[in-house]
Amino acid sequence: MKNSEIREMTDADLASKIVDLQREKLNLKIQSRTGQLEKTARVREVRRDIARCLTEEAARAAKAEVK
C-alpha cells in the first residue's frame, strides 16, 4: 500500500483498514507459529502498512488539533 493511497482514504476507511491489517497480522503470526506460512515477507509488509496508517492517523489528529 502506498502513502498516496492512504492519504486518499477517509478517517473511517483508515480506521477500518488498521483493524483489518491488525487482524491479518495476527493470522499471519498464527500461521507462522504453526508452520503454515508460505510468504514470510507478507508479515513485514503488513507491519509496515499498519505503521503507515497509524502515522497518517496521527498526522490528521495533529492537524485537527492545531485548527
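The structure displayed is predicted, hence computed values, not measured ones. (Residues numbered from 1 in each chain as written. Predicted model: local features only at pLDDT ≥ 70, side-chain atom pairs only at ≥ 80, totals over all residues. Heavy atoms only, no water.)

Across its full length, the chain carries 3 helices and 0 strands. Ordered by position from the N terminus, the helices and strands of the chain form the series α-α-α. Against the compact-globule benchmark of 11 Å for 67 residues, the chain has a radius of gyration of 14 Å, which places it well outside the compact range. Its C-alpha atoms give the chain principal-axis dimensions of roughly 50 × 15 × 15 Å. For the chain, buried positions account for 18% of its 67 residues. (Helix = DSSP H or I, 4+ residues; strand = E, 2+ residues; numbered from the N terminus. Rg over C-alpha atoms; globule rule 2.2 N^0.38 Å. Buried < 20%, exposed > 50% of the residue type's maximum accessible area, 1.4 Å probe, protein only.)

Further remarks concern the nonpolar core. One finds Ile-6, Met-9, Leu-14, Ile-18, Leu-21, Leu-28, Leu-37, Val-46, Ile-50 and Cys-53 forming the largest nonpolar core, which totals 10 residues. Residue assignment for this core shows that the elements contributing at least two residues are α2 (11-34) and α3 (41-66). Leaving out residues up to four positions away in the same chain, Met-9 has contacts with Met-1, Leu-14, Lys-17 and Arg-60. (Core = buried A, V, L, I, M, F, W, Y, C linked by side-chain atoms within 4.5 Å. Contact = heavy atoms within 4.5 Å.)

For the chain, per-residue confidence averages 95 on the pLDDT scale, and residues scoring 70 or more make up 100% of the total. Mean pLDDT values over the elements of the chain span from 94, in helix α1 (residues 3-8), up to 97, in α2. (pLDDT = per-residue confidence, 0-100.)

Right, let's talk about a positive patch on the surface for a bit. Judged by side-chain charge, Lys-25, Lys-29, Arg-33, Arg-44, Arg-47 and Arg-48 come together as a positively charged surface patch. Summarising the element assignment, Arg-33 is placed in helix α2. On the basis of relative accessible area, Arg-33 is assigned to the exposed category, the value being 67%. (Patch = residues over 30% accessible without salt bridge, like charges linked within 9 Å, V, L, I, M, F, W, Y side chains within 5 Å. Areas by Shrake-Rupley, 256 points an atom, 1.4 Å probe, with all protein chains shown as cover. Salt bridge = Lys/Arg side-chain N within 4 Å of Asp/Glu carboxyl O. Lys, Arg positive; Asp, Glu negative; His and termini not counted. Charge placed at Lys NZ, Arg CZ, Asp CG, Glu CD.)

Turning next to the side chain of Asp-49. Residue placement: Asp-49 occurs in helix α3. Judged by its relative accessible area of 6%, Asp-49 is buried. The residues contacting Asp-49, other than those within four sequence positions of it, are Met-1, Leu-21 and Arg-42.

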